[in-house]
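Here are the chains, one letter per residue:
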Amino acid sequence: MKLFHSINDFRSTKKTILTLGTFDGVHIGHKKILERITQNTENGKYESLVLTFFPHPRMVLQEKSEIKLLNTISEKTKLLEETGIENLVIHPFNESFSRLTAEEFVHSILVDQFHIQKIIIGHDHRFGRNRTADINDLIAFGKEYGFEVEQISAQEIQDVSVSSTKIRKALDEGNIPLANDYLGYSYFLSGEIVKGKQLGRTIGFPTANIQIEEDYKKIPKNGVYVVRTFINKKEVFGMMNIGFNPTVNGEKQTIEVHLFDFDADIYGHRIEISLLNYLREEQKFGSVALLKEQLNQDKKTALAFINQL
C-alpha cells in the first residue's frame, strides 16, 4: 500500500476508485465498504484509494470535543493495508480545508488530483463548506465531470456508525468479547515499554509498563484483562492492569502487563497488546499481601480462559 500524507502528494497514472471517511477502528462495517472498493478496480485497470483525515474533523471544528479514537494513525494505516487497499491518503484536516466549497473539493481534489473513475459513498454523506452538499449534488457533479457515484445503503451505513458507537460503549463497560466481535479482531493498545516503580517484581508479578504517546487513543475501562502479544514472532499471553494502583496510592493512570512464562528485557521495545477478556474491576486491597493473593487468583482465572481458546 502506498501512503501519502497530503492530497497534493498523491500520484498515479491510473484512474481511481475512491471512498472517504474517518474509518476509525477499521471494523467489520468499514470492511464491507473497503471490499467493494477493491472489487471495483477491474483487476488493475483502476487503483483503489481511501481518503481520510487527521486530526479527526470533530477535534478541529468542535472546541469542546473530547472524542477518543479506536486507532492511532499508525494502527489505522496497518489495518487498512491489511484490507488490500492500494493507496491511502491521510490529509491534514484544518479550518481552511473545511472551507472548501463542494465544487472546489470535487474539481480540484477528486477530478484533478485523484483522477476519479468512481466514488463509493454513503447516501447521507455531506461535504463542502458547512457540509451543504449532499449525495444528489455529488451525482450531478459526477455527470458534469464524468465519474460514477455508487451509494452505500442506509442499512450498511447504520452498520458502520452503530459499530463505532457500540465498540466505544463496550470498551467503556469492559465488554471485550462484544467489542472484538464488532471489530473483527482483538482491540489492541500499542506503545513503548518503559520502567515503572517495579513493585510487581517484589511480589512475583513483574510488569511491563506501556507508554502510549497518542493522548487521543481510546483506553478501555480500568481493571484487569487477559491479553496476548507477540514477541519475536512468538505468542505470549498475560494479564494487564489499567488504572491507578490504589493499593500503593498511585496518582496517575498506568497500563501494566504481566506476561506469563516470560523473562526477557524488553525495555525500550514497542509492543502491541491485544485484549481478550475483562477479569475484574480495579480495587484497593488492605495490604500488598492481599493484592498478591488476588493476583494469583487472577492468573488462575486468566489461564483457564486461555486454555479454552
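Rules used throughout
Residues numbered from 1 in each chain as written. Predicted model: local features only at pLDDT ≥ 70, side-chain atom pairs only at ≥ 80, totals over all residues. Heavy atoms only, no water. Helix = DSSP H or I, 4+ residues; strand = E, 2+ residues; numbered from the N terminus. Buried < 20%, exposed > 50% of the residue type's maximum accessible area, 1.4 Å probe, protein only. Contact = heavy atoms within 4.5 Å. Areas by Shrake-Rupley, 256 points an atom, 1.4 Å probe, with all protein chains shown as cover. Lys, Arg positive; Asp, Glu negative; His and termini not counted. Charge placed at Lys NZ, Arg CZ, Asp CG, Glu CD. Pairing = 2+ DSSP bridges. Axes fitted to C-alpha atoms, helices over the stretch in contact; angles between N-to-C directions. Phe/Tyr/Trp six-rings, centres within 6.5 Å; stacked < 30°, edge-to-face > 60°. Polar contact = N/O pair within 3.5 Å; in protein donor to acceptor, adjacent residues only side chain to side chain. Parallel < 35°, antiparallel > 145°, perpendicular 65-115°, else oblique. Left-handed = near helix turned anticlockwise from the far one by under 90°. Nonpolar A, V, L, I, M, F, W, Y, C, P; charged D, E, K, R; others polar. Core = buried A, V, L, I, M, F, W, Y, C linked by side-chain atoms within 4.5 Å.

Draft legend 1. Expanded view of the overall build of the chain. For the chain, the helix and strand inventory stands at 10 helices and 12 strands. The principal-axis extent of the C-alpha atoms belonging to the chain is close to 75 × 40 × 35 Å. By the burial criterion, 48% of the 309 residues in the chain qualify as buried. Considering only contacts within the chain whose residues lie at least 6 apart along the sequence, 74% involve residues at least 24 apart. Of the roughly 15900 Å² of accessible surface on the chain, 47% is carried by carbon and sulfur atoms. Separation between the mean location of the 38 positive side-chain charges and that of the 41 negative ones in the chain comes to 3 Å.

Draft legend 2. The arrangement of the sheet that holds strand β11 (residues 254–259) in detail. Ordered by their spatial adjacency, 6 strands build a closed barrel running β7-β8-β11-β10-β9-β12, and the pairing between neighbours is antiparallel. Averaged over all neighbouring strand pairs, the angle between strand axes comes to 45°, with direction disregarded. Sheet topology note: the strand β8 (residues 208–211)/β11 ladder contains 2 bridges and is antiparallel. Bridged to alanine 208 within β11 is valine 257. Helix-sheet contacts for helix α10 (residues 288–307) involve β9 (223–231), β10 (234–243) and β12 (270–280), and the interaxial angle to β12 is about 100°.

Draft legend 3. Focus on the pairing of β11. The buried fraction of β11 is high, at 6 of 6 residues. Here β11 shows no split at all, with Thr254, Glu256 and His258 on one side and Ile255, Val257 and Leu259 on the other all buried.

Draft legend 4. Structural detail: the packing of aromatic side chains. Taken as a whole, this structure holds 10 aromatic pairs when the rule is applied. Between phenylalanine 97 and phenylalanine 105, the aromatic rings sit 6.4 Å apart at their centres with planes inclined by 90°, giving edge-to-face as the arrangement. Given the relative accessible area of 8%, phenylalanine 105 is considered buried. Taken together, a centroid distance of 6.0 Å and an interplanar angle of 50° make the contact between tyrosine 185 and phenylalanine 188 tilted.

Draft legend 5. Representation of the side chain of glutamate 256 in the model. On the secondary structure map, glutamate 256 appears in strand β11. What makes glutamate 256 buried here is its relative accessible area of 15%. Within the structure, glutamate 256 has its side chain in polar contact with the side chain of asparagine 245 (distance 2.9 Å). Within polar-contact distance, the side chain of glutamate 256 engages the side chain of threonine 254 at 3.2 Å.

Draft legend 6. Representation of the packing of helix α5 (residues 102–111) against helix α6 (residues 135–145) within the structure. Contact geometry of α5 with α6 gives a least axis separation of 11 Å together with a crossing angle of 50°. By the angle between their directions, the pair α5 and α6 is classed as oblique. Of the two elements, α5 crosses α6, and the hand of that crossing is right-handed. In contact with Ala102, Glu103, Val106, His107, Leu110 and Val111 of α5, α6 contributes Leu138, Phe141, Glu144 and Tyr145. Of the residues in the contact of α5 with α6, the class split is 7 nonpolar, 1 polar and 2 charged.

Draft legend 7. Here's a closer look at the nonpolar core. The biggest cluster of nonpolar side chains holds 47 residues, and the ones touching the most others in it are Leu189, Ile210, Tyr225 and Met240. Take this core: its biggest share by element is 5 residues, from helix α7 (residues 154–173). Residue contacts for isoleucine 210: discarding those within four places in its chain leaves Ser190, Gly191, Glu192, Ile193, Ile255, Val257, Ile271 and Ile273. By size, the runner-up hydrophobic cluster in this structure holds 27 residues, among which are Leu51, Phe97, Val111 and Ile121.

Draft legend 8. How the structure looks around the pairing of β10. A large share of β10 lies buried, amounting to 8 of its 10 residues. Sheet analysis places β9 next to β10, joined by 9 bridges and oriented antiparallel. Each bridged residue has a counterpart across the sheet, and for arginine 228 the counterpart in β10 is phenylalanine 237. Hairpin connection of β9 to β10: 2 residues between the antiparallel strands, including asparagine 232 at a positive phi of 50°. The pairing of β10 with β11 spans 6 bridges and is antiparallel. Opposite methionine 240, over in β11, you have valine 257 as the bridge partner.

Draft legend 9. Region of the structure containing the sheet that holds strand β6 (residues 148–152). Read across the open sheet, the 6 strands follow the order β1-β4-β3-β2-β5-β6; overall the sheet is parallel. Unpaired on one side and paired on the other, β1 (2–4) and β6 mark the two borders of the sheet. Across the sheet, the mean angle separating the axes of adjacent strands is 20° when strand polarity is ignored. As defined by bridge partners, strand β2 (residues 16–20) adjoins strand β3 (residues 47–54) across 5 bridges and the pair is classed as parallel. For isoleucine 17, the partnering residue across the bridge sits in β3 and is serine 48. Where helix α3 (residues 73–81) meets the sheet, its contacts fall on β1, β3 and β4 (87–92), and the angle it forms with β4 comes to roughly 160°.

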